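Here are the chains, one letter per residue:
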Amino acid sequence: MKKSLIPFALYFALLFSACNSGSQKTDAQNYADTAANPAKSIIAVLNSEDPVLIDSSENVMYPLVNKPAANNDSGGSFESRGGSKTYWNIIFYNTASKKYHLLDAVHKMIINSYNTSYANREYDYSDSYSSNVDTPSSLNVTKRGNYIFYSIVIDDFDRNGIIDSDDPDYLFISDKEGNNFRQISPDNRNVNSWELIEKSGKVLMQTVSDTNHDNKFSDEEVIVPYIYDLKKGGKTEPVFDTQFSKRVNDLHQKLWPVKNK
């Protein structure tokens with residue numbers, strides 16, 4: 001009786017092994033199936049604006065738009081001080097070589113505006129209500145030589161756990177390929193405005209600091225002008241030294257004394 005059970009046991013064992021070998025696939029087979037079937041591939045969708053031409057070169061920019069979050073726990077506010085659209089990064093794409101890279105692949109930042117040359121024409125569309133029908137599809141596009149300028153929030157100045165419009169705007173620059181990206185305005189100072197003096201290669205900035213320590217940069221703060229040399233690089237410096245500023249302030253108080261009420 002025992003001998004008759006052995007062939008049946010062997011038969012079922014071989015049948016079970018054959019079924020398993022037919023249903024299993026190796027890793028190589030699985031990867032091959034995914035590559036052969038596009039429906040199984042994962043396609044990343046980038047939320048970018050229309051490409052922005054950079055001068056007359058082969059380079060273009062794809063600004064990556066920040067989407068407003070449903071609540072304030074997302075780690076940042078995506079609207080600038082004026083309530084306009086902001087960006088979390090920019091992709092630089094070379095149409096000739098088909099190479100591309102991010103402006104910054106490390107830091108979390110809010111890009112409030114960028115400035116670059118466009119078709120060798122002078123633009124300044126900082127006014128969002130401009131009626132000019134020829135306005136290009138970019139933000140504050142301006143002819144500025146060999147540099148691109150960016151207004152960026154990158155520091156959690158008030159230490160509330162997020163970067164938002166209450167934190168200072170810093171001035172950054174890069175070349176037209178999106179390389180050599182760096183900050184040129186001083187830390188802990190909000191840049192209210194800036195101007196490039198093209199003949200001298202100097203950038204003038206109007207900055208304010210939080211002098212009353214309320215973690216805000218209001219219009220009542222003292223404005224201090226700074227200068228940066230694009231040719232030499234190095235450290236950004238105050239336009240006027242301390243002694244000169246003190247003499248001017250003393251003269252102002254002498255000529256325009258404040259009467260006590």
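Details of the structure are given in the entry above.
Residues numbered from 1 in each chain as written. Predicted model: local features only at pLDDT ≥ 70, side-chain atom pairs only at ≥ 80, totals over all residues. Heavy atoms only, no water.

### Some details on helix H3 (residues 242-255)
- Taking 1.5 Å as the rise per residue, H3 with 14 residues should run 20 Å; its terminal C-alpha atoms sit 20 Å apart, in good agreement.
- Across the 14 residues of H3, zero count as buried, placing the element largely on the outside.
- Residue Asp241 occupies the N-cap position of H3, its side-chain oxygen lying 3.4 Å from the main-chain nitrogen of Gln243. (Helix = DSSP H or I, 4+ residues; strand = E, 2+ residues; numbered from the N terminus. Expected span 1.5 Å × (residues − 1). Buried < 20%, exposed > 50% of the residue type's maximum accessible area, 1.4 Å probe, protein only. Polar contact = N/O pair within 3.5 Å; in protein donor to acceptor, adjacent residues only side chain to side chain.)

### Let's talk about the pattern of salt bridges
- The tally for this structure, following the rule as stated, stands at two salt bridges.
- Among the salt bridges present, the one from Glu49 reaches Lys85, with a minimum N-O distance of 2.7 Å. Of this pair, Glu49 sits in the loop between helix H2 (27-36) and strand S1 (52-53) while Lys85 is found in the loop between strand S2 (59-65) and strand S3 (87-94), placing the two residues 36 residues apart along the sequence.
- Under the relative-accessibility criterion, Glu49 is labelled buried at 18%.
- Judged by relative accessible area, Lys85 falls into the partly exposed class, the value being 43%.
- When the shortest N-O distance is used, the salt bridge between Lys246 and Asp250 registers 3.1 Å. Of this pair, Lys246 and Asp250 both sit in helix H3, four residues apart, roughly one helical turn. (Salt bridge = Lys/Arg side-chain N within 4 Å of Asp/Glu carboxyl O.)

### Regarding the nonpolar core
- In this structure, Met61, Ile90, Phe92, Leu103, Tyr150 and Ile152 are the most contacted members of the largest nonpolar core, which totals 18 residues.
- If you list the elements that add at least two residues to this core, you get S2, S3, strand S5 (110-115), strand S6 (147-153) and strand S7 (170-175). (Core = buried A, V, L, I, M, F, W, Y, C linked by side-chain atoms within 4.5 Å.)

### Re the packing of aromatic side chains
- Considering all chains together, one arrives at seven aromatic pairs under this definition.
- Summarising the aromatic geometry, the rings of Phe149 and Trp194 are spaced 4.4 Å apart at their centres and angled 20° between planes, so their arrangement reads as stacked. Of this pair, Phe149 sits in strand S6 while Trp194 sits in strand S9 (residues 190-197), and the two are 45 residues apart along the sequence. Across the pair, exposure class does not vary: Phe149 and Trp194 are buried alike.
- Ring pairs connect the aromatic residues Tyr150, Phe172 and Phe181, which therefore count as one cluster. (Phe/Tyr/Trp six-rings, centres within 6.5 Å; stacked < 30°, edge-to-face > 60°.)

That is the geometry; function is a separate question.
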